[in-house]
Amino acid sequence: MKYAAWLPLFDEMSDPLEVARLAAAAEEAGWDGFFVWDQLWWRPPVREVSDPWITLSAVATATERLRIGPMVTPVARRRPVKLLRETTTLDRLSGGRLILGAGLGSDRFAQEYSKTGEELDGRVRAERMDETLAILTAGWTGEPVNHHGQHYLVDDVQFLPRPVSGRVPVWLAGFPGNSRPIRRAARYDGFFPVNLTSPEQLAAPVAVLRELRGTLDDYDIAVALEPSVDPRPYAEAGATWCLTDLVDLRLADVRAVIAAGPGRSIGV
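Overview of the structure. (Residues numbered from 1 in each chain as written. Predicted model: local features only at pLDDT ≥ 70, side-chain atom pairs only at ≥ 80, totals over all residues. Heavy atoms only, no water.)

### Some details on the pairing of strand β3 (residues 67–70)
Two faces make up the sheet, and in a regular strand the side chains alternate between them.
And then number 1: Strand direction decides the pairing type here: strand β2 (residues 33–36) and β3, joined by four bridges, are parallel. Paired with Phe-35 across the two strands is Gly-69, which belongs to β3.
And then number 2: In this region the chain leaves β2, passes through helix α2 (residues 52–62) and returns to the parallel neighbour β3; the handedness of that crossover is right-handed. (Pairing = 2+ DSSP bridges. Helix = DSSP H or I, 4+ residues; strand = E, 2+ residues; numbered from the N terminus. Right-handed = clockwise from strand over helix to strand, strands pointing away.)

### Some points on the sheet that holds strand β11 (residues 241–245)
And then number 1: Across the sheet, which stays open at both edges, the nine strands sit in the order β3-β2-β1-β11-β10-β9-β8-β5-β4 with parallel pairing between neighbours. In the strand order of this sheet, the two ends are held by β3 and β4 (73–74), each with one partner.
And then number 2: For β4 and strand β5 (residues 100–103), the ladder comprises two bridges, and the chain directions are parallel. Note that in β5 the partner of Thr-73 across the bridge is Ala-102.
And then number 3: Along the sheet, helix α6 (residues 200–213) makes contact with β9 (190–193) and β10 (220–225), crossing β10 at roughly 165°. (Contact = heavy atoms within 4.5 Å. Axes fitted to C-alpha atoms, helices over the stretch in contact; angles between N-to-C directions.)

### Details of the pairing of β5
And then number 1: Taking every second residue as pointing to the same face, both faces of β5 are buried, with Leu-100 and Ala-102 on one and Gly-101 and Gly-103 on the other.
And then number 2: Of the strand pairs in this sheet, β5 and strand β8 (residues 170–174) are connected by three bridges, and their pairing is parallel. What sits directly across from Leu-100, in β8, is Val-170. (Buried < 20%, exposed > 50% of the residue type's maximum accessible area, 1.4 Å probe, protein only.)

### Some words on unusual backbone geometry
And then number 1: Going from Pro-44 to Pro-45, the amide bond is cis rather than trans, its omega being 15°.
And then number 2: Its place among the elements puts Pro-45 in the loop between β2 and α2.
And then number 3: Of note, the phi angle at Asp-11 is positive, near 45°, even though the residue is not glycine.
And then number 4: Residue placement: Asp-11 occurs in the loop between β1 (2–7) and α1 (16–29).
And then number 5: You can call Asp-11 partly exposed: its relative accessible area is 29%.

Okay, here's the thing in structure tokens:
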């Protein structure tokens, strides 16, 4: 199993330079990845929120080995070709270390959609996400993109340069009991089941993914766990990445968890 720090860019951790220092400390302590939330704002008492993409640029330049990325970005609120340029540029800046976490997002936590006039219908957002992912994967090839969809148009445009390895790995987020996100995730590079409460919950989506893909070789399944939770039962259930959940921790505690190294719980 690989280990990543996973944190929101809120309040004390909204300073991109501080987050870059945390990432550098994580790399020195032996962590494998460093992922950040993608939110526009958050509910009280959170007041300060930073942009993940600019922050990840700072992280990319402060590190050399860590896999990095937004975990997850609500794809339906992004313009596909802008996201295509951003992912390729960040991947090249990091030397090919970007992982794109993608999902539908939700309005229920901070009303990010309803307060800005974004689409609330989950079905429509899913359609937009599927089209966006199709545009991304086509654009990363370096060949001209011709996409004439229900929601987006790209008419014979070539996007160069390409990502370092030719494409950016995509992990799809979804609730483990919802079959559509799992089937969507099977077409890409990883699955991030959200709101897991036990390793037993992981068994069903892992079985479905194995059936759909034929094998889970070279495929990632990431779980988010609090620092005090033992990741080993989740690894036995099929998880390949443990995202240590650093939400609700003060900056000093985040530093302590990171300095302790991956896979080690401390009393915070």
